[in-house]
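Topology and contacts: notes
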Amino acid sequence: MRRPLVAGNWKMNGSQAESSALIDGLLEGTATVKNADLAVCPPAILIPLVATKLKGTGIAWGGQDLNVNASGAYTGEISGPMLRDFGCTYVIVGHSERRSYYGETDEIVAGKYGAAQQHGLIPILCVGETLEEREAGTTESVVARQLDAVFNKHGIASFAKAVIAYEPVWAIGTGKTATPQQAQDVHAFIRGKLRALDAAVADKVQVLYGGSMKPSNAAELLSQEDIDGGLIGGASLVAEDFLGIGRAAN
Ligand code: PEP
């Protein structure tokens, strides 16, 4: 049985005061979330504040991106060892916003996935198709290509210490959610691909859904056989909404 993970991607949002209030709200209600693990991924500059507030609580935290290198002359970048130094458990890699706005190729994402694991972080590997790709009937081949880049570089065994997030790009921040069946179909495809390589790893790896998940649609999505939690953008910025998604797994 896979325990669900509900992870918040705060993106580029939040002052110190807002982030502090958001964490306080999460801590007040965290006991109501019984059947899911919670994690938040704040902007890098807010990680120290979040780490201080969450240390010793049941809520984990992580980064939104990392550089493939451990240190050096890479102005503006954050490395895996830096994230670990601030107690991060997770780091998101290959989010569609990074792929589309910052030109991150499958190859670059695979490098970041490896760097995360090398430095003791659990990568949350995002995959997903654009609207054009879905309409062209290429959803599975796009997701397969994104996964193969990582399988080929790091092997199936590496997924014992990774999380996958299926995020249809057309559902991110748009208010359009994949139907539970549309999401389940792709999740089953992903798990089937893993199973063909290693059944034990396939049974263990958490495959999250991301794309306009909110308390009102979470229960149905989370009840699908192969959906093991959510990667949450907008709704992770409101404590009660994020907790409500966590409770939907109860
Ligand atoms: C995301 O960016 O990972 C995401 C799922 O965003 P939203 O929930 O806002 O669609």
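Here, every reference points to the structure presented above.
In what follows, the accompanying structure is described. (Residues numbered from 1 in each chain as written. Predicted model: local features only at pLDDT ≥ 70, side-chain atom pairs only at ≥ 80, totals over all residues. Heavy atoms only, no water.)

To continue, consider the overall build of the protein. Scanning the protein from terminus to terminus reveals eleven helices and eight strands. Summarising its shape, the C-alpha atoms of the protein cover approximately 45 × 45 × 35 Å along the three principal directions. Counting every position in the protein, which comprises 250 residues, the buried fraction comes to 52%. If you take every contact in the protein between residues at least 6 apart in sequence, the share linking residues at least 24 apart comes to 72%. (Helix = DSSP H or I, 4+ residues; strand = E, 2+ residues; numbered from the N terminus. Buried < 20%, exposed > 50% of the residue type's maximum accessible area, 1.4 Å probe, protein only. Contact = heavy atoms within 4.5 Å.)

To continue, consider the pattern of salt bridges. Per the counting criterion, the structure on display carries 18 salt bridges. Asp226 is paired through a salt bridge with Arg2; the nearest N and O atoms lie 4.0 Å apart. With Asp226 in the loop between helix 10 (215–222) and strand 8 (229–232) and Arg2 in the segment before strand 1 (5–9), this pair connects stretches of sequence that are 224 residues apart. The residue Lys112 makes a salt bridge to Asp65 at a minimum N-O spacing of 2.8 Å. Highlighted residues: Lys112 in helix 5 (residues 106–118) and Asp65 in the loop between strand 3 (60–63) and helix 3 (80–85), separated in sequence by 47 residues. On the accessibility criterion, Asp65 (17% relative accessible area) is buried. (Salt bridge = Lys/Arg side-chain N within 4 Å of Asp/Glu carboxyl O.)

It is worth spelling out the site of the ligand at this point. Residues in contact with the ligand amount to 14 residues; listed here are only the nearest, Lys11, His95, Glu167, Gly173 and Ser212. Separating an oxygen atom of the ligand from a side-chain N or O atom of His95 is a distance of 2.7 Å. Contacts to the ligand include Gly173, whose backbone N or O atom sits 2.7 Å from an oxygen atom. Relative to its free-state accessible area of 290 Å², the ligand is covered by the protein chains to the extent of 96%. Cavity membership is defined here by more than half of the atoms lying within 2 Å of grid points; on that basis the ligand lies in the second largest pocket. Residue composition of the shell around the ligand, by class: four nonpolar, eight polar and two charged. (Near = heavy atom within 4 Å. Polar contact = N/O pair within 3.5 Å; in protein donor to acceptor, adjacent residues only side chain to side chain. Areas by Shrake-Rupley, 256 points an atom, 1.4 Å probe, with all protein chains shown as cover. 1 Å grid on protein atoms, 1.4 Å probe; cavity = no way out; pocket = protein on both sides within 12 Å on 5 of 7 lines; lining within 4 Å. Sits in = over half its atoms within 2 Å of the grid points. Nonpolar A, V, L, I, M, F, W, Y, C, P; charged D, E, K, R; others polar.)

Burial in helix 11 (residues 239–247) covers these residues: Ala239, Phe242, Leu243, Gly244, Ile245 and Gly246. Of the surrounding secondary structure, the elements contacted by the buried residues of helix 11 are strand 1, helix 1 (16–29), strand 2 (37–41), helix 10 and strand 8.

On to the environment of Gln206. Within the secondary structure, Gln206 sits in strand 7 (residues 206–209). In this structure the C-alpha to C-alpha distance between Gln206 and Ile124, which are 82 residues apart in sequence, comes to 9.5 Å. Once you skip the residues sitting within four places of it in the chain, Gln206 turns out to touch Arg3, Pro4, Leu5, Val163, Ile164 and Asp228.

At a minimum axis distance of 9 Å, the contact between helix 1 and helix 11 shows a crossing angle of 40°. Crossing hand, helix 1 versus helix 11: right-handed. Along its contact with helix 1, which presents Leu22, Gly25, Leu26 and Gly29, the element helix 11 presents Ala239, Phe242 and Leu243. When grouped by side-chain class, the residues that make up the contact of helix 1 with helix 11 number five nonpolar, two polar and no charged. (Axes fitted to C-alpha atoms, helices over the stretch in contact; angles between N-to-C directions. Left-handed = near helix turned anticlockwise from the far one by under 90°.)

By size, the foremost hydrophobic cluster in this structure holds 61 residues, and its most contacted members are Val40, Leu125, Phe159, Ile164, Ile190, Leu194 and Tyr209. Once residues within four sequence positions are removed from consideration, Leu194 is found in contact with Phe151, Ile156, Phe159, Ile164, Ala202 and Val205. Formed by 13 residues, the second largest nonpolar core is a distinct cluster that contains Leu5, Ala39, Cys126 and Leu208. (Core = buried A, V, L, I, M, F, W, Y, C linked by side-chain atoms within 4.5 Å.)

Its boundaries defined by the atoms lining it, the largest pocket holds a volume of some 560 Å³. Lining the largest pocket are 22 residues, and of these Met12, Gln64, Asp65, Arg98 and Tyr102 lie nearest its centre. In terms of residue count, the dominant contributor to the lining of the largest pocket is helix 4 (residues 96–101) (three residues). Around the second largest pocket, the lining is made up of 20 residues, and of these Gly173, Ser212, Gly233, Gly234 and Ala235 lie nearest the centre. Of the residues contributing to the lining of the second largest pocket, the split by class is six nonpolar, eleven polar and three charged. (Points joined across faces, edges and corners; volume = space filled by probe spheres on them.)

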